[in-house]
Amino acid sequence: MLGRRGVVSSHNDLILDSPRLVSSSTMISAYQCLNSLNTSGFAGSSPSHPMFNHLVTTRLARDILERFLIDGTVTCTEERSRAEELRYALESAYAEAVAHECIRPDAPPPIEPREPETKYRWGWREFPIIPIDENKLVTFLNTVADRALSTAKSILGDKSLKPRNRFAALVDKSRGILLSYGLYGEVLCPDFIVLPLAAFSDDEEPKVNEAYINFTAVLLAGELKSAPDTTEGLMRVRRYITGIKRAQPWLRFATGMTVGEDFITLLREDYSGTERIDLSLTDRQGCIELIRIILGIVLSEKEEFGHDPNVETGEEDVRVDVPELCSAAFDDSSKDGTVSTKSNDVPDDETYQGSMSKRTTRRATLRTRVPIRVHGRECMGILSGSGSNRDTGTTVYVVASDGGKACLALKRSWQDAARTYEKVAVLKKLCDSKAHPGVVTPSSFWLEPKGKGGESESIEAFLAEDIQQLKVENHILMVITSELRRPVAYFWSPHDFVRGLLGALLGHQHLCKIGIHGDINENSIVLSLRRGGLGALIDFDTAVIGCPDVLDDQEKLNSESVSSATRLSSPVDGDPYREITDKTPFKSIGVLRGQPHTCFDDIESFLYVLVQFFFSYAGPLQEEVLRRAQGQRFVQPVGEAQLPHMTSLPTVFQRWASSSFKEIPREKLSDVITASRDAFFQDAYLPLYTRWAPASGGSAMPRAILKLITATWILFPENDCKVKHEQFANVLKGWLEDYAGDEDKYPYPFDD
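Residues numbered from 1 in each chain as written. Predicted model: local features only at pLDDT ≥ 70, side-chain atom pairs only at ≥ 80, totals over all residues. Heavy atoms only, no water.

Novice: I would appreciate a short explanation of the overall build of the protein in the present structure.
Specialist: Within the protein, the secondary structure is distributed over 20 helices and 25 strands. Within the protein, the proportion of its 752 residues that are buried is 55%. Within the protein, residue pairs in contact and separated by at least 24 positions form 76% of the contacts whose partners lie at least 6 positions apart. Carbon and sulfur atoms make up 50% of the accessible area of the protein, which amounts to about 32700 Å² in all. (Helix = DSSP H or I, 4+ residues; strand = E, 2+ residues; numbered from the N terminus. Buried < 20%, exposed > 50% of the residue type's maximum accessible area, 1.4 Å probe, protein only. Contact = heavy atoms within 4.5 Å. Areas by Shrake-Rupley, 256 points an atom, 1.4 Å probe, with all protein chains shown as cover.)

This is how it looks when you write it as structure tokens:
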């Protein structure tokens, strides 16, 4: 059966059945096709895939298909294979020969020949021919949707049914779709998208308003695929889905679609994985499901596309710089789903910096969606968000306090239901323990109840026997409010960041003493709001409760009580990239290998935060930009994929994030522990210089930064990766003292 049930799977295991060769086919009456529908088992009210089922039942889709067969929108032909015809002819000839005694009397009696089972090939009369043009495909999809809606009104006797969304192709493919928050400044370029009806004109042939063509407004993104292998198309769609989630981090899940000559694949992805359903356009089930899905897309409210009811959004017009991209980037022979100034590969550091500086731009106005209220509180914007395919989906909003006179950080994250008790225990222990300046203690936290957008269940309705075999996680929405601090990206000098790291390290030392460790990355560190202040730890998404004072007694590290209090984190079998998230580059070698997670692993993570920070930014933001950011409470600027001083990691670091889950610890072991680290430092100096020399007025600061990186790095091979807080902190303090005078080169921009 070509129209298979949905399966949870990775992007690289889907290959549709090859189309059968048809030697002869004849057009048959619509009523014969309808008879096959009535006896096929697909005409009932129990769908194999429930998405949009409350809007369009399978029975309604079947009745619409009946009308489509009658008016010729859908065709149905009878097909038999050449081998089956020859076998039937041979058996008939043999039976006839026996009947006329044309063979010996002692021959065995012939077997009564059975006429081959009738098979039908279904088709869509107006489906575009290969190579498929995106504009023609969008016309086809909208035509099917319009006819299906008109037919549904007639069948149901309900003229109040109104479309809410519509398919669209890009008006200007030379600019792609903006606000995708993609990596390396890429502009993602789907072949077609779904937008709300407000994005279209009221003409007889609606035209899309270009201002809505941005990822904050997109409901669904799709890709065309002419080749039978769908793997590449699925990979592109997953990148579009990531773009949607980065631009709309309030979504519970995001949706994408791949369309080929004889198939459609629908994907929905949340933070526990990707689910999909594959439909053949040449069989009866696929035709019914296609009608139901297309009509469902057109009729759906935004909640059907993953919008969380706890987040109220509004429209805002923003002026942005749109990159002008060369037309060669859209050559189908080399397209990878993104628009690049170089190639389909990740750009190296020098090429990236050069291409971005040469890219020309033009100003444009975009109609964007922004959060205005979150869990009933007025929202000023997003502080930080995550678009990883597999992560907790953490998004931090800046909201008004209960009295409205101050601002709080409100964090929403999707936690694995199996870890909910552990997560609550960590937060409760934080709240009950003595306050520490290096730890931002939550002011409140709660689990959002089921039925109010608080639970993410399996996206597709699998049959009972299937769901038992699938590893689909159930996630619970956790909400935490805390004091607002300054994100790392808004540092004003290298020393400002180092003080932030030092404060967070001391805060972690306090947490280890009370038995909490884990979850060290750049987003878990915040900077002080006063000049010269130390930073703090704020994010505890994957923190665990371990044994207190582990680092004060080396013997405890190897004791049975410690091992029983730590959590094993094993690499995942199957897809080697499935567990890679935004936090993976900061994980220690031991954790990546699946060894027990201890406080020493967290200190190693502090090293990776330090190193990657200096290669992720080209100096601080300009003074006026930082001052304006403080007035806007450090929320992400709407319309900017990333802050202007953010850069891509150099090639020597990219393998920490882009290799497979099992290869990353080997790469880190080679770079951090073995003798190859000397060559690693040599390769790293040039990208360090290109980032920090212009902002600091020469090579003195890049050399000072390299000295800091080297001094902290060497601690780990010398101590077998068991570095204590005091050792790391002493290096940071010494560097701040040695280079205190250099901080005067950077103007202090904030109003304390």
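Novice: Is there a simple way to think about the packing of aromatic side chains in this case?
Specialist: Think of a pair of aromatic rings as described by two things: how far the centres are apart, and how the planes are tilted against each other in angle. For the structure on display, the rule yields 19 aromatic pairs. Pairing F613 with F614 gives two aromatic rings, centres 5.0 Å apart and planes at 80°, and the pair type is edge-to-face. Consider the rings of F613 and Y617, whose centres lie 5.1 Å apart with planes at 45°: the pair is tilted. Like Y617, F613 is buried. Each member of the aromatic cluster is reached from another via a ring pair, and the members are F491, F497, F613, F614, Y617 and W692. (Phe/Tyr/Trp six-rings, centres within 6.5 Å; stacked < 30°, edge-to-face > 60°.)

Novice: Teacher, can you tell me more about the pattern of salt bridges here?
Specialist: Oppositely charged side chains can pair when the atoms bearing their charge come close. The final tally for this structure, using the stated rule, is 24 salt bridges. Linking E301 and R164 is a salt bridge whose minimum nitrogen-to-oxygen distance equals 3.2 Å. Residue E301 is found in the loop between α6 (284–299) and β12 (311–323), and its partner R164 is found in the loop between α4 (134–156) and β5 (165–169); the two are separated by 137 residues along the sequence. Ionic pairing is found between R412 and D308, a salt bridge with its closest N-O pair at 2.6 Å. Highlighted residues: R412 in strand β17 (residues 407–416) and D308 in the loop between α6 and β12, separated in sequence by 104 residues. On the basis of relative accessibility, which here comes to 0%, the residue D308 falls in the buried class. Linked through salt bridges whose partners overlap, the residues forming this network are R59, R62, D63 and E66. (Salt bridge = Lys/Arg side-chain N within 4 Å of Asp/Glu carboxyl O.)

Novice: How do you make sense of helix α13 (residues 599–616) when you look at a structure like this?
Specialist: An α-helix turns once every 3.6 residues. As a result, residues three or four positions apart point the same way. With 18 residues, α13 should reach 26 Å at 1.5 Å per residue; the first-to-last C-alpha distance of 25 Å fits that figure. Within α13, 18 of the 18 residues are buried, which leaves it mostly tucked inside the rest of the structure. (Expected span 1.5 Å × (residues − 1).)

Novice: I tried to follow the pairing of strand β16 (residues 395–400) on my own but got confused; where do I start?
Specialist: In regular strands, side chains alternate between the two faces of the sheet. Of all six residues that make up β16, six are buried, and the element is covered over most of its length. Residues of β16 alternate between two faces, with T395, Y397 and V399 on one and V396, V398 and A400 on the opposite face, all of them buried. In the sheet, strand β15 (residues 377–385) pairs with β16 via five bridges, with the strands oriented antiparallel. Pairing of S384 across the sheet is with V396, part of β16. Here β16 pairs with β17 via six bridges, running antiparallel. When the sheet's bridge partners are listed, A400 is paired in β17 with C407. (Pairing = 2+ DSSP bridges.)

Novice: In this structure, what is going on with the environment of R62? I would like to understand it.
Specialist: Looking at the element boundaries, R62 is found in helix α2 (residues 58–71). Separated by 223 residues in sequence, R62 and Q285 place their C-alpha atoms 9.3 Å apart. Among the polar contacts listed, one links the side chain of R62 to the side chain of E66, at a separation of 2.6 Å. (Polar contact = N/O pair within 3.5 Å; in protein donor to acceptor, adjacent residues only side chain to side chain.)

Novice: Sorry if this is basic, but what is going on with the pairing of β17 here?
Specialist: Taken across its 10 residues, β17 has nine buried, putting it largely inside the fold. Where β16 folds back on β17, the antiparallel hairpin that results is connected by six residues, among which G404 adopts a positive phi of roughly 80°.

Novice: Just to check I follow, could you spell out the sheet that holds strand β24 (residues 536–537) for this structure?
Specialist: What links the strands of a sheet is backbone hydrogen bonding, and the strands pair in either a parallel or an antiparallel sense. The antiparallel open sheet is built from three strands, whose spatial order is β21-β23-β24. The outermost strands of the open sheet, each flanked by one partner alone, are β21 (486–487) and β24. Bridging between strand β23 (residues 525–527) and β24 involves two bridges; their strand directions are antiparallel. By the bridge assignment for β24, I525 is matched with L537.

Geometric values such as these leave the question of function open.
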